[in-house]
Structures are given as structure tokens and as C-alpha cells.
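Structure assessment
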Amino acid sequence: MNADLHLNAAATEINGAHPQWSRAEAQAIYDLPFNDLLFRAQTVHRQNFDPNRVQLSRLLSIKTGGCPEDCGYCSQSSRHESGLKASKLMEVQRVLAEAKKAKDAGATRYCMGAAWRSPKERDMDAVVAMIEGVKELGMESCMTLGMLDLGQAQRLKEAGLDYYNHNIDTSERYYNEIITTRTFADRLDTLANVRDSGIKVCCGGIVGMGEEKADRVDMLVTLANLPEHPDSVPINMLIPIEGTPLGEAEPIEPIEFVRTIALARIMMPKSHVRLSAGRTAMSDEMQALCFFAGANSIFVGDTLLTAENPGEDKDTALFRRLGIQPMERGAQ
Ligand code: SF4
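Once a new chain begins, its residue numbering starts again from 1 and follows that chain's sequence as written. Local features in this predicted model are restricted to residues of pLDDT 70 or higher, and side-chain atom pairs are both shown and tallied only at a pLDDT of 80 or more, whereas totals for entire chains, interfaces and linings draw on every residue. To get the side-chain values, take all heavy atoms of the structure and skip hydrogens and water.

Focus: the overall build of the protein
Here is the rule we go by: Only DSSP runs of H or I with at least four residues qualify as helices, and only runs of E with at least two residues qualify as strands; both kinds are numbered from the N terminus onward. In this treatment the radius of gyration is a C-alpha quantity, and the globule benchmark scales as 2.2 Å times the residue count to the 0.38 power. Partly exposed describes any residue whose relative accessible area lies between the buried limit of under 20% and the exposed limit of over 50%, with all areas from a 1.4 Å probe on protein chains only and scaled to the type maximum.
Along its length, the protein carries 12 helices and 10 strands. What you see for the protein is a C-alpha radius of gyration of 19 Å, in line with the 20 Å of a compact globule of 332 residues. Its C-alpha atoms give the protein principal-axis dimensions of roughly 50 × 40 × 40 Å. Relative to its 332 residues, the protein shows a buried fraction of 58%.

What follows is the structure, given as C-alpha cells:
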């Protein structure tokens, strides 16, 4: 299927099946003249979403640092010298008090992240109570806890979990340069367990880790060829953190980042493409271009799991200048 047909197929999604992409097709779109690429992305975006609405999520680290994994970008790995202090799992009531504050500030989805390889049985009751409490507040719940087997995923689903985040991070080819303690196939297994349990998948990756353009394209091809497109596709721009193996990584060229967003929008037309970590290093104009290219979700709040994020005042001011409104809960 050529790239033009793909655009039409993506818009119609005959019988609910989505087209499968080859690297060559995706690369051809990524390499389009920039204006053509943005026009296509914006066209697909308008066919599927209100172009002036952006979904707001709030992220809380419920268990910080001390992680046994070796993800090269992460300050929370116990193998890196980032200086981050490890903490225990937060108490349920504290998590719910923070969730309430986020709701009052306009967030519709509450994302909770723990720096684990995978959750331990002894932690599951607390995690379940957090999900139930967030649901009672009337917010959507999302968790990222590392790898899950099917039984764990089903337990989280029963508790009412709406979304589970588990990123593939990069292309399969480049993956081993970034992480050695679990494989790309492990990641896909967790995604399958989450999907099979009926939880919506949030899955994306990180760019600016020294990968090649082909890796960015391949990462998106993997996501777009999953049995179902992830509901949310976070695209993170690496924040190099001192003491991590990627602490000195060269920043990605902003136009390349925008191209990545546009390709994600075109290949996964109904997914929420989230402009995730790295917004503090982006100009307002770059963020505006990302929204034009089809990004329609951000994290709000001063910090992500451990990294800086623009404060809400700054985001509110940017939204006002761009005429963007927050998306209602569960809206497209
Ligand atoms: S990204 Fe997650 S799994 Fe990897 S080191 Fe950081 S906290 Fe651990």
C-alpha cells in the first residue's frame, strides 16, 4: 500500500482493522517536505479529533528510585549515579490527596508510576486501593509499574484501571544500546498482557537518545503495527540527566522531533499523541508546531516522575495564546 492510500485507509479504518505499515512507507512520509508532512498530519488530526483540544494528564511518582533495571536515560536506576534518593511506596491516602488536587486543577487522568522491574505481590493491595480511590474521584486512572504478567494485569483491570503505560522506548535495533536488563520482546509481552486483560495501552518512546532517524521511524512502525493502536502514544524528548549513560547525549534537532510527532499522528490516527518529557527544553513555538502536527495530550504539573515540567501557569498562558482548551474526560 502506498503512502497516499495509507492516509485514506487510516481515515476510514475499514471493518475496524488498521493498515500494517512497512518501514519504507513510513520513512517516505517522515521524509516528506515539512509543509506537506504537517498538512497531512493536521488533516488526519482533524478527521479524528477536535484540533483545539488537548488532554491533560497528571503524573505522580508513587515509588521513586532504587530500580534494578538499567535504562540508560533514567535517573531512577540504582545502577546510575544520578544522586536520586530512593523512597518506599507512597501511602494510599497521600496518593489520593494528590489525585484530588490534580482533579481540582483540571486534570482528567491520573497517572501513577513506580520504579519497579515489576510489581511484587506484597504491593498489589496498595496499588489496587490507589486505582479504586482515583476512580472514586471520577478521574481516569493510569499506572506504570514495569512488567506485568497476565494475572497481574487482570487484577489491575478488576480494580478499574483504565490505562497502563509501558513504553517500547526505541526501535528494536537500537534497544540493546539503551537497556540490557529486559528485552524488547519482554516489553511486547507486557503490552499483550495489558491488552488481553482489557486495559487500554499507553505506549510510546523517547527520542534524542543518539538513535538514527530510521530508529524513530521503526519505533513508530512497531507501535502502529500492534494488534490495536495504543490509546495513548507518549513521545518523550530525552532530558539528559547527569550520572546516567545518556547524560551527555546531543539534543535532537527540533524539526526532527516535530516530524516524529507528525508521523505518529498519521500512522495512529485515533491515538492520543502525548507530548511528554522534555517540554521544558522546547520553545513555545516548537510546542505549537507539535500541536499542529497532531500532539493532543500533555502532562501538567511542575514535575514528571522525577524530571522538570513547565508549571501550570506557563501551560495555561500558552494554551490561551494558541486558543487551545483542555479536553473533557474520555472525550476525543
Ligand atoms: S525507566 Fe523504569 S524500569 Fe527503567 S530504570 Fe527507570 S524506573 Fe526502572
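Let us keep going from here.
Details of the UniProt feature "binding site: [2Fe-2S] cluster" (unreviewed entry) in the protein
The condition is simple: UniProt positions are given in the numbering used here, feature names are shortened, and annotations may be inferred rather than shown by experiment. Residue contacts follow a heavy-atom distance rule, with two residues in contact if any of their heavy atoms lie within 4.5 Å.
As recorded in UniProt, the sites labelled "binding site: [2Fe-2S] cluster" (unreviewed entry) are Cys111, Cys142, Cys202 and Arg274. For this annotated set, covering 164 residues, all C-alpha atoms fall within 13.9 Å of each other, a compact arrangement in space. Mapped onto the secondary structure, Cys111 falls in strand β2 (residues 109–114). Judged by relative accessible area, which is 4%, Cys111 ranks as buried. With near-sequence residues (within four places) excluded, Cys111 lies in contact with Ser57, Arg58, Leu59, Leu60, Cys142 and Phe299. If you trace the backbone, Arg274 turns up in strand β8 (residues 272–275). Accessibility expressed as a relative area gives 1% for Arg274, which makes it buried. The residues contacting Arg274, other than those within four sequence positions of it, are Gln55, Ser57, Arg109, Cys202, Ser232, Val233, Pro234, Ile235, Ser297, Ile298 and Phe299.

As for the site of the ligand
Condition: Distances are taken per atom, and a residue is near a molecule or strand as soon as one of its heavy atoms is within 4 Å of it. Under the convention adopted here, Pro, Cys and the residues Ala, Val, Leu, Ile, Met, Phe, Trp and Tyr are nonpolar, Asp, Glu, Lys and Arg are charged, and Gly plus all remaining residues are polar.
All residues in the neighbourhood of the ligand are listed as Cys67, Glu69, Cys71, Tyr73, Cys74, Gln76, Ser77, Ala115 and Arg182. Here the shell around the ligand is composed, by residue class, of five nonpolar, two polar and two charged.

Here we look at the pattern of salt bridges
Pairing between side chains becomes possible if they bear opposite charge and their charged atoms approach one another. Where we set the bar: The salt bridge criterion pairs a side-chain nitrogen of Lys or Arg with a carboxyl oxygen of Asp or Glu, the two atoms within 4 Å.
The tally for this structure, following the rule as stated, stands at 19 salt bridges. Here Arg321 and Asp284 are joined by a salt bridge, their closest N and O atoms 2.9 Å apart. Remark: Asp284 occurs in helix α11 (residues 284–292) and Arg321 occurs in helix α12 (residues 312–322); sequence separation between them is 37 residues. Overall, the relative accessible area of 58% leaves Arg321 in the exposed class. By sharing partners, the salt bridges in this structure join Glu69, Arg117 and Arg182 into a single network.

Considerations on the environment of Leu60
Structurally, Leu60 can be placed in strand β1 (residues 53–63). Residue Leu60 is classed as buried on the basis of its relative accessible area, which comes to 13%. Along the backbone, Leu60 and Ala102 are 42 residues apart, and their C-alpha atoms lie at a distance of 9.8 Å.

Remarks on unusual backbone geometry
The phi dihedral of Asp169 is positive, around 75°, even though this residue is not glycine. Structurally, Asp169 is set in the loop between β4 (163–165) and α7 (172–178).

Thoughts on the packing of aromatic side chains
Quick note on the threshold: Stacked, tilted and edge-to-face are the three classes assigned to paired rings of Phe, Tyr and Trp, where Trp is represented by its six-membered ring and a pair needs centres within 6.5 Å; plane angles under 30 degrees give stacked, over 60 edge-to-face, the rest tilted. We call a charge positioned above a ring when the Lys NZ or Arg CZ atom is no farther than 6 Å from the ring centre and deviates by at most 35 degrees from the ring normal.
As enumerated under the stated definition, the model contains two aromatic pairs in all. Centre to centre, the rings of Tyr175 and Phe184 are 5.5 Å apart; their planes meet at 75°, and the pair counts as edge-to-face. An identical accessibility class is assigned to Tyr175 and Phe184; each is buried. Pairing Phe291 with Phe319 gives two aromatic rings, centres 6.0 Å apart and planes at 80°, and the pair type is edge-to-face. With Phe291 in helix α11 and Phe319 in helix α12, this residue pair connects regions lying 28 residues apart in the sequence. Note on Phe291: relative accessible area 6%, which makes it buried. Under the relative-accessibility criterion, Phe319 is labelled buried at 8%. Its guanidinium or amino end placed over the ring of Tyr163, Arg109 lies 3.6 Å from that ring's centre, counting from NZ or CZ. Directly above the aromatic system of Phe299 lies the positively charged group of Arg274, at a separation of 4.9 Å from the ring centroid.

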